[in-house]
Amino acid sequence: MAIITKSYEPTFWDRLYFPALIKGLMVTLRYFFKRKVTIQYPDEKYVPPDGYRGLHRLNKYPDGRIRCVACEMCSAACPADCIYIVPGPAPWEGGKERYPVKFDIDLLKCIFCGFCEMACPEEAIELTEIYDFSAYSREDLLIDREGLLEVYELTKNQNYYSRTDKSKKPAT
Amino acid sequence: MPLLKIDDKEIQVESGTTILETAIASGIEIPYYCYHPALEVVGSCRMCLVQVEGMSKLQVSCNTFIGEVHPDRKVNGKYDMVVYTQNELVVKERKNILEFLLLNHPLDCPVCDQAGECYLQDYSFKFGNAHSRFEEEKRVRPNEYLGSQIVINHNRCILCSRCVRFTQEISGTSELFVEARGYNSKIAALEDKPLDNLLAGNVADICPVGALLSTDYIHKNRIWNLEQKPSICQDCSVGCNVDVFSQQDQIFRLTARENQDVNGYFMCDIGRYGFHRFEKIERISHPMVRNGKSFNVLDWDEAIKKTADLIEKSKEKTAGIVSPFHTNESNYLLGLLMKETLGYLPPITGEEITFPTKFRISADRSPNLRGVNDICGDLVKDFTSIIKTRDIRGLYILDDGVDRKLDDSWKDILAKMDFVIVQSYAMTELAKSAHIVLPGLAPFEREGTITNDKGRIQWLRPSLATKGDSKPDWEILMLVRNALHKESEYFADLGEVIKKMGDQFPNYSGISLFKIGTQGMALT
C-alpha cells in the first residue's frame with residue numbers, strides 16, 4: 001500500500017502564478033543594474049586569487065643558478081607520480097653540489113595538489129597562477145626543465161594575468 | 001650460561017658475548033655507529049650506551065661483556081646482568097650524544113646520497129631532538145678525494161673510524177688514519193698512499209653516514225627509487241654475494257651482501273664496478289639468421305626449427321662449446337643436446353689476490369668454471385688443436401657475451417665449419433661470425449645455479465627484466481632438444497632441470513633452489 005505524502009499544497013494565490021513570475025523578474029531586474037560578474041574571456045583574463053595552484057615553475061637564485069638540488073622530495077611526495085628527475089653534479093663552483101639534469105613534469109598526470117611545493121626543502125618548485133595552458137598533443141604537455149625555468153621568468157616579477165607587481169603584495 | 005635481562009626480556013647467552021651482540025641477535029634495538037661485526041670494537045661513537053644495574057655510569061654495550069657472576073651476587077637472585085635500553089636516563093643520554101654528533105653535521109640530506117639509508121638520519125628521527133641548541137657557525141670543510149673512487153665529505157663525518165679500521169684490518173693496507181685531535185680531527189689518507197686498494201669501495205658501504213662516497217654512484221639517484229635484489233657477483237670464481245640496485249632496467253650500483261661462507265661482509269672493486277661493461281654492449285634482441293653479410297630477423301619457432309635442421313643434417317658431427325660464464329643448467333642442457341661437448345670458451349684469467357682476512361679475488365675471472373668441469377665431464381682444455389683431429393662440421397656455441405679477442409686458430413676453425421650457431425645476448429665477434437644467432441639473457445637477467453671454486457653451489461637470481469625477444473638460455477636449449485628428439489622431456493621450469501642434473505651427477509643430487517636459498521650450499 002503506497003502512502004502519498006504531500007509536503008506542499010498550493011494555495012489560490014500560488015495557483016495564479018503571476019505573483020511568482022513578477023517576483024522572479026524582480027531578481028533579474030536587480031541584477032540588471034548591478035556590477036557585471038561575467039568576464040569576456042579570452043579578451044579579458046580571469047585573475048586567480050593568491051595561492052591559486054596552476055602551472056609549475058622552477059625558481060632560480062638571483063645569480064641564475066637553479067635552486068633545485070634534485071633531492072626528489074617532490075617526486076616522492078607526488079601522489080600522481082608525475083615528476084621525473086635525473087640528478088647530476090652541478091656545473092657551477094660554490095653553492096649546492098647537485099642539480100637536476102632532467103626535470104620533467106607530466107601535466108596531464110598532475111592533479112595540482114601542491115604537495116611538491118610543500119615537500120621542497122629549497123623552495124625551488126612552486127605552483128603559479130597560470131591556468132590557461134593547453135596543447136595539441138600529449139607530448140607538448142610534458143614540460144621539461146627549460147620550460148619550467150621559462151615559466152619562472154614569466155611569473156617572477158608580475159602576475160601573469162593582471163600584470164601587477166608581485167613584490168608589492170604581502171607575502172602569502 | 002649467564003642469564004641476562006634486557007628490559008623485560010630474559011635471554012640466556014654464552015659467556016663472553018657483548019650486550020650489543022645479544023641485543024642484535026634477539027631483536028632489541030640499540031642504536032650504534034662505530035660497531036661493525038667484522039671490525040674491532042672501539043666504542044668511540046657512544047651511541048650504544050645502556051644502563052647496567054649496579055654500574056654507576058652508562059656503559060657502551062658494544063664493549064661490555066656478559067659473564068657469570070657468583071651465585072650470591074646475582075641480581076634478584078637469578079640474573080647475571082640486568083640491562084635497561086629504554087629507560088629515562090638512556091633516552092636522555094642518546095639525545096645528548098646525537099646533539100653532539102649533529103653539532104657540525106650539515107643539514108644537507110636533500111643533496112646527500114646516503115639519505116634514505118643513513119643511520120644518522122634514522123636515529124636522529126627516532127631518538128634525537130627535533131631542534132638543535134647550537135647557534136654558532138658550523139665548521140665547513142671542502143670535500144677531498146681519498147682515492148680515485150672515494151670522496152670524503154668531512155662535514156658529514158661523525159668519526160666513527162669504521163673506515164680506518166677497515167683499511168687496517170680487512171684490506172691490510174692502512175691508508176686511512178684520523179688526523180689531528182679533538183675538534184680538528186678528520187679522516188685522511190696518507191699523502192703518498194691514496195685509498196686505491198681493490199677493496200676501497202667497501203669503505204663507502206660501511207660508512208654509517210654520507211661522509212664516504214663512491215664517485216661511481218654520487219649524485220646518480222635516490223635510494224628509495226632503486227630496487228634491491230640479491231644476486232651473485234660474476235666477475236670471478238669466488239662468487240661473492242651481492243645486492244643489485246636497479247631502476248627501470250638500469251643497474252646503479254652493487255653492494256656486498258653478507259655471506260659468512262663466501263665473502264663475509266665485503267666485495268672487491270672489480271666486481272663492484274664490473275657491471276658497467278654490460279652497459280656498452282650491443283644487445284641482440286631477436287633470433288637472426290645470416291643473409292650474406294647481414295642478418296635477417298626470424299621468429300622463435302622458425303629459428304628453433306632451422307637450428308634443429310642444421311644439427312640434424314650434420315649427422316652428429318656438431319660439437320657444443322660451453323661457457324664458464326653460464327649457469328650449470330644451460331651448460332648441462334647443451335651437454336644433453338650434443339653427443340660431443342668439446343670444450344669451453346677461453347676463460348678470463350687475472351691475478352690471484354688474497355687479503356689478510358682471507359678475503360680473496362680468484363685468478364679465474366669466470367664465475368662457473370668449476371661447475372662446467374663438474375657438469376660437462378670430459379672437456380678438452382686445448383680445444384683448438386683437438387678439433388683438427390676430429391670430424392666436426394658444425395659448432396653450437398653457448399657464448400657469454402664477454403668481449404674476448406679471438407686468436408687466429410679460433411678464426412680458422414670458425415671459417416672451416418659448415419655452420420656455427422651462437423647463443424648470445426651481445427653482438428660479440430663470435431656472434432658476428434655465426435649463421436644463426438639465438439638471443440639469450442644478459443648476466444644479471446639469468447637465473448640458475450653456479451658453483452664457485454670452493455665447490456659451493458649458489459642461486460643466481462635475476463635482478464633485471466628480460467629485454468626484447470630473448471629467452472632464458474636453458475629454455476632455448478631445451479626447445480632445440482625437443483625439436484631434435486621428439487621423445488625428449490619438456491622442462492617446465494628450472495627446478496626440473498636441476499632435478500634431472502642431480503640424477504646424472506651424484507654430487508648435485510638432492511639440490512633445489514629452495515635448499516640453496518640466499519646463502520648457497522656446499523656440494524658434497
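What counts and what doesn't
- Residues numbered from 1 in each chain as written.
- Chains lettered and ligands numbered in written order.
- Predicted model: local features only at pLDDT ≥ 70, side-chain atom pairs only at ≥ 80, totals over all residues.
- Helix = DSSP H or I, 4+ residues; strand = E, 2+ residues; numbered from the N terminus.
- Buried ≥ 20, exposed ≤ 12 C-beta atoms within 10 Å, placed from the backbone.
- Contact = placed C-beta atoms within 7 Å.
- Rg over C-alpha atoms; globule rule 2.2 N^0.38 Å.
- Pairing = 2+ DSSP bridges.
- Right-handed = clockwise from strand over helix to strand, strands pointing away.
- Axes fitted to C-alpha atoms, helices over the stretch in contact; angles between N-to-C directions.
- Left-handed = near helix turned anticlockwise from the far one by under 90°.
- Nonpolar A, V, L, I, M, F, W, Y, C, P; charged D, E, K, R; others polar.
- Domains from an automatic or database assignment.
- Core = buried A, V, L, I, M, F, W, Y, C linked by C-beta atoms within 7 Å.
- Arc of directions from axis to C-beta.
- Parallel < 35°, antiparallel > 145°, perpendicular 65-115°, else oblique.
- pLDDT = per-residue confidence, 0-100.

### Some details on the overall build of chain B
Right, on to step 1. Broken down by element type, chain B carries 15 helices and 25 strands.
Right, on to step 2. Projecting the C-alpha coordinates of chain B onto the three principal axes gives extents of approximately 85 × 55 × 40 Å.
Right, on to step 3. In chain B, buried positions account for 43% of the 524 residues.
Right, on to step 4. Taking contacts inside chain B between residues at least 6 apart in sequence as the whole, the part at least 24 apart equals 65%.

### Re the overall build of chain A
Right, on to step 1. Looking only at helices and strands, chain A has five helices and five strands in total.
Right, on to step 2. In chain A, the succession of α and β elements from N to C terminus is α-α-β-α-β-β-α-β-β-α.
Right, on to step 3. Against the compact-globule benchmark of 16 Å for 172 residues, chain A has a radius of gyration of 26 Å, which places it well outside the compact range.
Right, on to step 4. Each principal axis of the C-alpha distribution contributes one length, and for chain A these read about 85 × 50 × 35 Å.
Right, on to step 5. By residue count, 19% of the 172 residues in chain A fall in the buried class.

### Some details on the pairing of strand β21 (residues 419-424) of chain B
Residue and element names in this part refer to chain B.
Right, on to step 1. Of all six residues that make up β21, five are buried, and the element is covered over most of its length.
Right, on to step 2. In this sheet, β21 lies alongside strand β20 (residues 394-398) in parallel orientation, the contact comprising five bridges. Directly across from G394, in β21, lies its bridge partner F419.
Right, on to step 3. A crossover connection joins β20 to the parallel β21 through helix α11 (residues 408-416); in handedness this β-α-β unit is right-handed.
Right, on to step 4. Direction of pairing for β21 relative to strand β22 (residues 436-439): parallel, over a ladder of four bridges. Paired with V422 across the strands is V437, a residue of β22.

### Topic: the packing of helix α8 (residues 328-337) of chain B against helix α14 (residues 494-504) of chain B
Between two packed helices, what matters for the description is the angle formed by their axes and the separation of those axes.
Residues and elements named next belong to chain B.
Right, on to step 1. At a minimum axis separation of 10 Å, α8 and α14 run at an interaxial angle of 60°. Relative to α14, the crossing made by α8 is left-handed. Here N328, E329, Y332 and L333 of α8 lie close against α14, whose contacting residues are L494, V497, I498 and M501.
Right, on to step 2. Considered class by class, the residues forming the contact of α8 with α14 number six nonpolar, one polar and one charged.

### What about the interface of chain B and chain A?
Right, on to step 1. Facing six residues of chain B, the contacting portion of chain A comprises 13 residues.
Right, on to step 2. For the side of chain B that touches chain A, the residue count by class is three nonpolar, one polar and two charged.

### Re the sheet that holds strand β25 (residues 521-522) of chain B
Right, on to step 1. The strand order across the open sheet formed by three strands is β23-β24-β25 (chain B), and the pairing between neighbours is antiparallel. Of all the strands in the sheet, just β23 (448-451) and β25 of chain B have a single pairing partner and so form its edges.

### A closer look at the environment of D106 of chain A
Residues and elements named next belong to chain A.
Right, on to step 1. With respect to the element layout, D106 can be found in strand β3 (residues 98-106).
Right, on to step 2. Through-space distance from the C-alpha of D106 to that of I83 is 6.6 Å; in sequence the pair is 23 residues apart.
Right, on to step 3. In this view, D106 contacts C82 and L142; residues no more than four positions away in its chain are not counted.

### A short note on the pairing of β22 of chain B
Residue and element names in this part refer to chain B.
Right, on to step 1. Burial along β22 is two-sided: the face carrying I436 and L438 and the face carrying V437 and P439 are both buried.
Right, on to step 2. As paired strands, strand β14 (residues 288-291) and β22 are joined by two bridges and run antiparallel to one another. Opposite V289, over in β22, you have I436 as the bridge partner.

### Looking at the domain arrangement of chain B
All names here are of chain B.
Right, on to step 1. Per the domain assignment, the segments of chain B are domain 1 (3-99), domain 2 (106-114 + 133-219) and domain 3 (288-522).
Right, on to step 2. Computed from C-alpha coordinates alone, the two centres of domain 1 and domain 2 are separated by 29 Å.
Right, on to step 3. Listed per partner, the contact involves nine residues of domain 1 and ten residues of domain 2.
Right, on to step 4. When its residues are assigned to classes, the side of domain 1 that touches domain 2 shows six nonpolar, two polar and one charged.

### Things to note about the nonpolar core
The nonpolar side chains of a soluble globular protein tend to be buried with one another.
Right, on to step 1. Counting 127 residues, the largest nonpolar core has Y32, C48, V203, L212, I397 and V437 of chain B as the members making the most contacts within it.
Right, on to step 2. For this core, the element with the highest residue contribution is helix α13 (residues 473-484) of chain B, accounting for six residues.
Right, on to step 3. If we ignore the near neighbours within four places in the chain, the residues touching Y32 of chain B are L20, C45, M47, C48 and C62 of chain B.
Right, on to step 4. If you look at the next biggest cluster of nonpolar residues, it comprises 25 residues, including L58, Y99, C116 and A124 of chain A.

### Quick look at unusual backbone geometry
Residue and element names in this part refer to chain A.
Right, on to step 1. In this structure, P42 follows Y41 across a cis peptide bond, with omega equal to 5°.
Right, on to step 2. Within the fold, P42 resides in the loop between α2 (18-32) and β1 (56-58).
Right, on to step 3. Even without being a glycine, D81 presents a positive backbone phi close to 60°.
Right, on to step 4. Along the polypeptide, D81 turns up in the loop between α3 (73-77) and β2 (83-89).

### Section: the sheet that holds strand β1 (residues 3-6) of chain B
All names here are of chain B.
Right, on to step 1. If you trace the five strands from one edge of the open sheet to the other, you get β2-β1-β5-β3-β4, paired in mixed fashion. In this open sheet, the two edge strands, each paired with only one partner strand, are β2 (9-12) and β4 (59-60).
Right, on to step 2. For strand β3 (residues 49-52) and strand β5 (residues 81-84), the ladder comprises two bridges, and the chain directions are antiparallel. The residue bridging Q51 from the neighbouring strand is Y84, located in β5.
Right, on to step 3. Sheet strands in contact with helix α2 (residues 88-101) are β3 and β5, and its direction is about 160° off that of β3.

### Considerations on the environment of A80 of chain A
Residue and element names in this part refer to chain A.
Right, on to step 1. Mapped onto the secondary structure, A80 falls in the loop between α3 and β2.
Right, on to step 2. Each C-alpha atom of the pair A80 and F112 lies 9.3 Å from the other, and the pair is 32 residues apart in sequence.
Right, on to step 3. Excluding residues that lie within four positions of it along the chain, A80 makes contacts with K109, C110 and I111.

### What about the environment of V83 of chain B?
Right, on to step 1. Secondary-structure assignment places V83 of chain B in strand β5.
Right, on to step 2. The residues touching V83 of chain B, leaving out its near neighbours within four places in the chain, are L4, K5, I6, I19, V50 and V52 of chain B.

### Side note on α14 of chain B
All names here are of chain B.
Right, on to step 1. All of the buried residues in α14 are V497, I498 and M501. Along the axis of α14, the buried residues cluster in a sector spanning 100°; they form a single face.
Right, on to step 2. On its buried face, α14 sits against α8, α9 (369-375), β23 and α13.

### What to know about the packing of helix α7 (residues 300-313) of chain B against α13 of chain B
Residues and elements named next belong to chain B.
Right, on to step 1. At their nearest, the axes of α7 and α13 sit 9 Å apart, and the two run at 60° to each other. Of the possible angle classes, the one that applies to α7 and α13 is oblique. For α7 against α13, the interelement crossing comes out right-handed. Contacts between α7 and α13 involve I304, K305, T307, A308, I311 and E312 on the former and, on the latter, L479, V480, A483 and L484.

### Looking at the confidence of the model for chain A
Right, on to step 1. Counting all residues, the mean pLDDT for chain A is 89, and 96% of those residues have values of 70 or more.
Right, on to step 2. For chain A, the element scoring lowest by mean pLDDT is helix α1 (residues 12-16) of chain A, at 86; β1 of chain A scores highest, at 95.

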